[in-house]
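Report on the structure
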Amino acid sequence: MKKRPCIEILGTGRAVPERILTNQDLEKLVDTSDEWILARTGIQQRHIAEPGVPLSFFAAQAAQAALADAGASGEEIDLIILGTVTGDSKFPATACVVQDLIGAKSAAAFDVSAACSGFLYGLQLAESMMAMQGYRRILLIGGEILSSMVNWKDRDTCVLFGDGVGAVVLGPAQGSHGVLSTYIKSDGAFRDFLHSPGCGSLNPPSHENVDKMLHTIHMEGREVFRHAVTSMADALNQALDQAGVAVEELDLLIPHQANLRIIEAVGKRFRLSPDKIFVNVDRFGNTSAASIPIALDEARKAGRIASGSLVGMVTFGAGFTWAAAVIRL
Ligand SMILES: CC(C)(COP(=O)(O)OP(=O)(O)OC[C@H]1O[C@@H](n2cnc3c(N)ncnc32)[C@H](O)[C@@H]1OP(=O)(O)O)[C@@H](O)C(=O)NCCC(=O)NCCS
């Protein structure tokens, strides 16, 4: 039996920095090539914020776009959840900064730290909190300024990431449209395969730790790749089961845009034809928590999905964390 949704998407929005960094630009920074990056990742370019422009700047823009799309105002928002690992500062939560910027005076606001799974973790939180607390309007944002923690001398990682923000406005489901299932999972035993070990209480900021580049992204690419494919397949299966939906029924799968090869491997496991899988990693790179909401907004506004479409979303990230959801738009 298909689950009756309790929460639905009322509007979507996105904002990315204007500045574009191409593979050719990266060839001037590290020993790499356009051919290598394209063949291994599918990425051609990424948007990069000007130094010092914080996440909240783009998050407020994406939020305003989602509010306009939903026909809602900042004052109507009860709750703001922001998935990110690159907030403006360690505290307060960047969600509180966004609250002030968009005039959401009645809202509670907090950040969620689940790396690339931040948006789907936030979606499950939003669903639960709307059911239990009776909220009417929730602003869910996924956003990153990953360029602020990239080591621009490390060719293993600097070619992969980009900056941007996506946002959705959620309200109580009125009928059969809405979030049909959410599934989240993590395994901290793998935390060292993808992490930024510096600047927290483990390795507090010091000249020595900054010299060692502990504040930047460290990654075991092959391990991440291997776990990403199996975990994303597991999460999507769980979310489909919970929703009572067969994979063939999906109108579109929106996978986390980390790498075209991971996306293709997941698609192959589910025997999905490429036209049913949304891809924009070529233009944005991996924007972590922002990648699914940016893709969702693009897919809607390009007419790939519309009211009534059945959409799967699936992700994997540092932690390790992984998650999936099925929605009827
Ligand atoms: C990072 C990734 C693209 C690397 O691809 P790979 O096929 O595993 O490549 P390897 O790491 O085995 O490296 C192969 C060679 O390319 C080199 N290389 C690494 N980065 C390079 C770059 N940007 N340009 C050129 N060569 C590069 C390596 O040094 C290595 O050289 P060697 O054989 O002389 O040692 C791939 O592992 C991956 O996509 N992992 C998942 C990353 C990810 O998505 N992370 C975020 C998850 S949310």
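Counting restarts for each chain: residues are numbered from 1 in the order of the written sequence. Residues qualify for local features only when their pLDDT is at least 70, as the model is predicted, and side-chain atom pairs are given and counted only at 80 or more; totals for whole chains, interfaces and linings, by contrast, use all residues. To obtain the side-chain values, all non-hydrogen atoms of the structure were included, while hydrogens and water were left out.

**Topic: the overall build of the protein chain**
Threshold: Runs of E in the DSSP output that reach at least two residues are strands. Runs of H or I that reach at least four are helices, and both are numbered from the N terminus. Here the globule rule reads 2.2 Å times residues to the power 0.38, and the radius of gyration is calculated from C-alpha atoms. A simple rule labels every residue: compare its accessible area, found with a 1.4 Å probe on the protein chains alone, to the largest value its type can have, and call it buried under 20%, exposed over 50%, or partly exposed in between. The contact definition used throughout considers only heavy atoms, calling two residues in contact when any of these lie within 4.5 Å. To be clear on the numbers: accessible area is Shrake-Rupley with a 1.4 Å probe, and residue cover counts the displayed protein chains and nothing else. We score Asp and Glu as negative and Lys and Arg as positive, and we do not count His or the chain ends. Note that the charge is assigned to NZ on lysines, CZ on arginines, CG on aspartates and CD on glutamates.
Within the protein chain, the secondary structure is distributed over 11 helices and 13 strands. For 329 residues, the compact-globule estimate of 2.2 N^0.38 gives 20 Å, and the C-alpha radius of gyration of the protein chain, at 19 Å, lies within 12% of that figure. Taken along its principal axes, the extent of the C-alpha atoms in the protein chain is 55 × 45 × 35 Å. Evaluated residue by residue, the protein chain yields a buried proportion of 54% over its 329 residues. Considering only intrachain contacts with a sequence separation of at least 6, the fraction spanning at least 24 residues in the protein chain is 79%. Carbon and sulfur atoms make up 51% of the accessible area of the protein chain, which amounts to about 14,000 Å² in all. Looking at the protein chain, you have 29 positive and 36 negative side-chain charges, and the mean spots of the two groups are 5 Å apart.

**A short note on the domain arrangement of the protein chain**
To be explicit about the condition: Those domain boundaries reflect an automatic or database domain assignment. For any pair of parts, buried area is found by adding up, for both, the accessible area (1.4 Å probe) each one loses once the two are put together. The salt bridge criterion pairs a side-chain nitrogen of Lys or Arg with a carboxyl oxygen of Asp or Glu, the two atoms within 4 Å.
If you check the domain split of the protein chain, you get domain 1 (7-175) and domain 2 (180-328). Relative placement of domain 1 and domain 2: their C-alpha centres are 14 Å apart. Facing the 49 residues of domain 1 at the interface are 48 residues of domain 2. For the domain 1 and domain 2 pair, buried surface summed over both sides reaches about 3,800 Å², with 62% attributable to carbon and sulfur atoms. The interface formed by domain 1 and domain 2 contains 2 salt bridges. Mapped onto the side of domain 1 that touches domain 2, the elements with two or more residues apiece are strand E1 (7-15), helix H2 (34-41), strand E3 (45-47), helix H5 (118-133), strand E6 (138-145), helix H6 (155-158) and strand E7 (163-172). With 7 residues, H5 is the largest single contributor of residues to the side of domain 1 that touches domain 2.

**Some thoughts on the pairing of E6**
The side chains of a regular strand alternate, residue by residue, between the two faces of the sheet. Where we set the bar: Note on pairing: two strands pair once DSSP finds at least 2 bridges between them.
Within E6, 8 of the 8 residues are buried, leaving the element largely enclosed by the surrounding structure. Looking at chain direction, E6 and E7 are connected through 8 bridges and run antiparallel. The residue bridging Ile 145 from the neighbouring strand is Asp 163, located in E7.

**Things to note about the site of the ligand**
For clarity, the cut-off: Near, as used in this document, describes a residue that has one of its heavy atoms within 4 Å of the molecule or strand being considered. We call two N or O atoms a polar contact when they sit within 3.5 Å, provided that within protein one can donate a hydrogen and the other can accept it, with sequence-adjacent residues counted only if both atoms are side-chain atoms.
Neighbouring residues of the ligand: 21 residues in total, closest Thr 32, Arg 40, Arg 155, Arg 222 and Asn 259. In the model, a nitrogen atom of the ligand is placed 2.9 Å from a nitrogen or oxygen of the Gly 221 main chain. When the ligand sits alone it has 950 Å² of accessible area, and the protein chains cover 75% of it. Secondary-structure elements contributing two or more residues to the shell around the ligand are H2, H6, helix H8 (221-243) and helix H9 (260-269). Of the residues that make up the shell around the ligand, three or more belong to each of domain 1 (7-175) and domain 2 (180-328).

**Brief notes about the pattern of salt bridges**
Any two side chains of opposite charge can pair if their charged atoms end up close together. Scanning all chains against the criterion turns up 8 salt bridges. Across the pair Arg 14 and Asp 297 runs a salt bridge, and its minimum N-O distance is 2.7 Å. Remark: Asp 297 occurs in helix H11 (residues 291-301) and Arg 14 occurs in strand E1; sequence separation between them is 283 residues. Overall, the relative accessible area of 2% leaves Asp 297 in the buried class. Across the pair Arg 155 and Asp 31 runs a salt bridge whose closest N-O atoms are separated by 3.6 Å. Here Asp 31 lies in the loop between helix H1 (23-27) and H2 and Arg 155 lies in helix H6, a separation of 124 residues in the sequence. A relative accessible area of 45% means that Arg 155 is categorised as partly exposed.

**Some points on the environment of Ala 114**
Mapping Ala 114 onto the fold places it in the loop between strand E5 (108-112) and H5. Sequence separation of Ala 114 and Val 97 is 17 residues, and the distance between their C-alpha atoms is 19 Å. Those residues in contact with Ala 114, other than ones at most four positions away along the chain, are Tyr 121, Ala 318 and Thr 321.

**Considering the sheet that holds strand E11 (residues 252-255)**
What counts is decided by this rule: To obtain each axis, a line is fitted to C-alpha atoms, and for helices this fit is confined to the stretch in contact; angles are then taken between N-to-C directions over 0 to 180 degrees.
Ordered by their spatial adjacency, 4 strands build an open sheet running E8-E13-E12-E11, and the pairing between neighbours is mixed. At either margin of the open sheet sits one strand with a lone partner, and together these are strand E8 (178-186) and E11. Across the sheet, the mean angle from the axis of one strand to that of its neighbour is 10°, orientation sign disregarded. Here 8 bridges tie E8 to strand E13 (residues 321-328), and the two strands are oriented antiparallel to one another. What sits directly across from Ser 186, in E13, is Thr 321. Helix-sheet contacts for H5 involve E8, strand E12 (310-317) and E13, and the interaxial angle to E8 is about 125°.

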